[in-house]
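Listed below are the residues making up each chain.
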There are 2 protein chains.
Amino acid sequence: MELDARKIIILKTIIKNYLETGEPVGSRTISKYSELNLSSATIRNEMSDLEEMGYIIQPHTSAGRIPSDKGYRFYVDSIMKESDDRVNEVTELMVKKVDKLEMLLKNLVKHLALDTNYAALISAPALSENKIKYVQLSQPGEKKLLLILVLEGNIIKNEILTIDEDLDMETVLNLTIVINNHFSGLSLNDITGTVVKEAVNQAGRHRQTVETVIDAMIDMMAAGEETRDIYTSGATNILKYPELTDTKKAAALISAFEEKDALKKLVSEVTSDEAADGGHNNLQVYIGGEGPIQNMKDCSLVTANYELGDGLRGVIGVIGPKRMDYEKVLGTMKNLMEQLDKTFGKDSDNKEGKG
Amino acid sequence: MELDARKIIILKTIIKNYLETGEPVGSRTISKYSELNLSSATIRNEMSDLEEMGYIIQPHTSAGRIPSDKGYRFYVDSIMKESDDRVNEVTELMVKKVDKLEMLLKNLVKHLALDTNYAALISAPALSENKIKYVQLSQPGEKKLLLILVLEGNIIKNEILTIDEDLDMETVLNLTIVINNHFSGLSLNDITGTVVKEAVNQAGRHRQTVETVIDAMIDMMAAGEETRDIYTSGATNILKYPELTDTKKAAALISAFEEKDALKKLVSEVTSDEAADGGHNNLQVYIGGEGPIQNMKDCSLVTANYELGDGLRGVIGVIGPKRMDYEKVLGTMKNLMEQLDKTFGKDSDNKEGKG
DNA sequence: GTTAGCAGTCCTATGATTAGAGTGCTAACA
DNA sequence: TGTTAGCACTCTAATCATAGGACTGCTAAC
């Protein structure tokens, strides 16, 4: 059997209708709803075919049809193909005014959740490709060293290290200079064993301390995949959709958003899928048990890889019921990505706004 | 009518039973459950009295009784009076090993939620009483200044400021020295107009910049009541209790935990109640619509004021259904406070662990 | 003061019934 | 051959009535 034009129209109408109402849709509805001007009987025949082909499902004998995962997939793919560039309501992101990366991310994810009415998440960018601007050391107490790492894009990281010796101010200054000499301008990937060795050697009898510092620096930058911060918003939107309101399922989902561990795993899986399906603005849709959301069978996930210039790359995503408004979500995400590109694109010098 | 010994036993038995089951409890249950060896008829008479006195309520004619807010209050007060010092299972807090304040707080609140099976929150300590150890300035870019504030207790704060001039390295160093000279050792309350003026004057033609820096410092430390970070855990535990599972209520509550704004307000109200009810280890119980939780009529809130030495004071709390296991929660909280005291008490030198 | 017993109340669970929505099939039609 | 009308059938969800159970309150007896 073939999926001819008429079947496609009917299929899409069924799905659209189901997305809106959440109720199984029957033949009579389609007959009235679509511009096909066919009787419900004809529609019934077609629907029977569509069911046989696996695009729609009948929850029980006397109910209408609902889309299967295959049906959703077809629908989503066809949306993605329409290169419909109509500009969505411009999300008035005050991205330029935000002065902390954390704040920017929190704002972004909040907006996304508000706009879509689903749960949204964003992963803090990986720092491993980011270059070190400079490093500062100081002594906040006995046998303590405060390490401050300033990365390209004005990302600041700090940590208090415990060391084995007490240093005088001059030594601290000297060590700071040594480290800056060796590491300024390097990204994580540039930090080879040789570089480390050279720096350590130059530290003379403070080699132990310098080693500690370097280890800490590497840790801070490597804080990639697994330890990366994740910000979320709108987890409780999940409770708005009856099919997810079942207490157990809802609790599990919302917990996942609270605990973040599951989300981290999810993000790392999505990251590795990156560009698997090239083009499409890097947008990905996972339906039902597809890919990284196998344990969220009743949900769909829409993700995109964002970039804030300076090589700050991360993942942003929306999780909602399978019958989410894909069109809107995809539009919103696309829009958001474009805004970010415009604001943080390589040639823009609006690189303030991050610290 | 008087609340005699027998009535008290019956009242407590009713409440205990209701806390366990969540179902209204009838006279026959009490008759069998308590060691009073009275017939259900007698209990019925007493219950009738208790109802008249306002301690218990009958949801409908042919149902058992449930505690009223007044009943809960009586019960909680009587628990608080029992100075029962039995040691709870020692929460194996790895407080000593934690090396970031943020991590410590997150661990604490997570433990609390896991132990109690309710939702828990903790507010980051106020910094206004905390003294400045030292300040560091550096230039991460054009017209940018990175301000790093190191407070007693090794709390680190950083922010990138935009300034109107470009400084050379020497000037930055000089300004750093000026600021440290004037502000090292001061807490927020010590920073008077005079101090600021002196520092600004000494900055010569860079007064504008120094003003910006000082303003930022004050903001960072003042980030008290309203802007203070709040960490939460176990929000979804709320879904475990049928009386809160009503989708709307649950969504509102969980949202509150997600958004944090409401919680901030709550914390600041609790803080102002502080020591209102002296003794009792600073533990407070708010039942139903009492005090700061007027919009959470079906919940109770247990709070305590914690201190991590160094004047780092904040609020920790548990929110659950009105029929929460007060005894356990109070015990757990008490325990926790004692552990914190032991670990961070004034005389302890385990003051590492925070940064 | 305590208790047994009984009538009365109200909730809840259960089952039966019904209305409605929707299908599949057949037969007629263009 | 594709489309449609119509009918029998199925299954769900809502409604209703009924019965059972859990209590209470009251009265009368101990």
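Residues numbered from 1 in each chain as written. Chains lettered and ligands numbered in written order. Predicted model: local features only at pLDDT ≥ 70, side-chain atom pairs only at ≥ 80, totals over all residues. Heavy atoms only, no water.

1. Examining the overall build of chain A
Phase 1: Along chain A, the regular secondary structure elements total eleven helices and ten strands.
Phase 2: Here chain A holds 355 residues, and 53% of them are scored as buried.
Phase 3: Counted over contacts in chain A with a minimum sequence separation of 6, partners at least 24 positions apart contribute 62%.
Phase 4: Carbon and sulfur atoms form 47% of the exposed surface of chain A, whose accessible area is close to 16,400 Å². (Helix = DSSP H or I, 4+ residues; strand = E, 2+ residues; numbered from the N terminus. Buried < 20%, exposed > 50% of the residue type's maximum accessible area, 1.4 Å probe, protein only. Contact = heavy atoms within 4.5 Å. Areas by Shrake-Rupley, 256 points an atom, 1.4 Å probe, with all protein chains shown as cover.)

2. Some points on the protein's contact with DNA strand C
Phase 1: Within the structure, DNA strand C sits among 21 residues, and A:Ser27, B:Arg6, B:Thr42, B:Thr61 and B:Ser62 are positioned closest to it.
Phase 2: What you see for DNA strand C is that sugar and phosphate hold 73% of its atoms within 4 Å of the protein.
Phase 3: With respect to DNA strand C, the backbone of B:Ser39 contributes an N or O atom lying 3.3 Å from a phosphate oxygen.
Phase 4: B:Arg44 places a polar side-chain atom, nitrogen or oxygen, 3.1 Å from a base oxygen of DNA strand C.
Phase 5: For the surface near DNA strand C, the secondary structure elements donating two or more residues are α3 (40–52) of chain A together with α3 (40–53) of chain B.
Phase 6: A total of four residues in the surface near DNA strand C trace back to one element, the largest contributor, which is α3(B).
Phase 7: Across the surface near DNA strand C, the residue classes tally to four nonpolar, 13 polar and four charged. (Near = heavy atom within 4 Å. Polar contact = N/O pair within 3.5 Å; in protein donor to acceptor, adjacent residues only side chain to side chain. Nonpolar A, V, L, I, M, F, W, Y, C, P; charged D, E, K, R; others polar.)

3. Observations regarding the side chain of B:Asn237
All names here are of chain B.
Phase 1: Here Asn237 shows up in the loop between β7 (230–233) and α9 (247–259).
Phase 2: Polar side-chain contacts of Asn237 include one of 2.9 Å to the backbone oxygen of Tyr118.
Phase 3: Those residues in contact with Asn237 that lie beyond four places of it in its chain are Ala113, Asn117, Tyr118 and Ala119.

4. Considerations on helix α7 (residues 193–202) of chain A
Residue and element names in this part refer to chain A.
Phase 1: Where α7 is concerned, the buried positions are Val195, Ala199 and Val200. Along the axis of α7, the buried residues cluster in a sector spanning 125°; they form a single face. Exposed side of α7, more than 90 degrees from the buried face: Gly193, Thr194, Lys197 and Asn201 are the residues found there.
Phase 2: Residues of α7 that are buried sit in contact with α6 (169–183) and α8 (207–222).
Phase 3: Gly204, located one to two residues past α7, shows a positive phi value of around 60°. (Arc of directions from axis to C-beta.)

5. Some details on the sheet that holds strand β8 (residues 284–287) of chain A
All names here are of chain A.
Phase 1: Strand order in the open sheet made by the five strands is β7-β3-β10-β9-β8, with antiparallel pairing throughout. The strands lining the two open edges of the sheet, one partner per strand, are β7 (230–233) and β8. Pairs of neighbouring strands in the sheet enclose a mean axial angle of 15°, with direction left out of account.
Phase 2: Bridge analysis of strand β3 (residues 119–123) against β7 gives four bridges, and the strand direction is antiparallel. In the strand pairing of β7, Ala120 is matched with Ser233. (Pairing = 2+ DSSP bridges. Axes fitted to C-alpha atoms, helices over the stretch in contact; angles between N-to-C directions.)

6. Some remarks on the protein's contact with DNA strand D
Phase 1: Taken together, 21 residues are adjacent to DNA strand D, and A:Arg6, A:Thr42, A:Thr61, A:Ser62 and B:Ser27 come closest.
Phase 2: Here DNA strand D approaches the protein such that, of its atoms within 4 Å, sugar and phosphate make up 70%.
Phase 3: Interatomic distance of 2.7 Å between a side-chain N/O atom of A:Thr42 and a phosphate oxygen of DNA strand D.
Phase 4: The contact in question runs from a sugar or linking oxygen of DNA strand D to an N or O atom on the backbone of B:Ser62, over 3.2 Å.
Phase 5: Elements with a minimum of two residues in the surface near DNA strand D: α3 of chain A together with α3 of chain B.
Phase 6: Counting residues per element, the surface near DNA strand D draws most heavily on α3(A), which supplies four residues.

7. Some thoughts on the sheet that holds strand β4 (residues 132–138) of chain A
All names here are of chain A.
Phase 1: The strand order β4-β5-β6 describes an open sheet built from three strands, whose pairing is antiparallel. Because the sheet does not close on itself, it has two edges, and the strands there are β4 and β6 (155–162). When strand polarity is set aside, the average angle formed by the axes of neighbouring strands in this sheet is 15°.
Phase 2: Here α8 sits on the sheet in contact with β4, β5 (144–151) and β6, set at roughly 40° to β5.

8. A look at the confidence of the model for chain A
Residue and element names in this part refer to chain A.
Phase 1: With 89% of its residues at a pLDDT of 70 or more, chain A has an overall mean of 86.
Phase 2: When the criterion is pLDDT under 50, residues 85–98 qualifies, and its contacts beyond four places in sequence or with other chains add up to 30 contacts.
Phase 3: Low confidence marks residues 347–355, where pLDDT is under 50. Its contacts with residues over four positions away, or in another chain, come to 29 contacts. (pLDDT = per-residue confidence, 0-100.)

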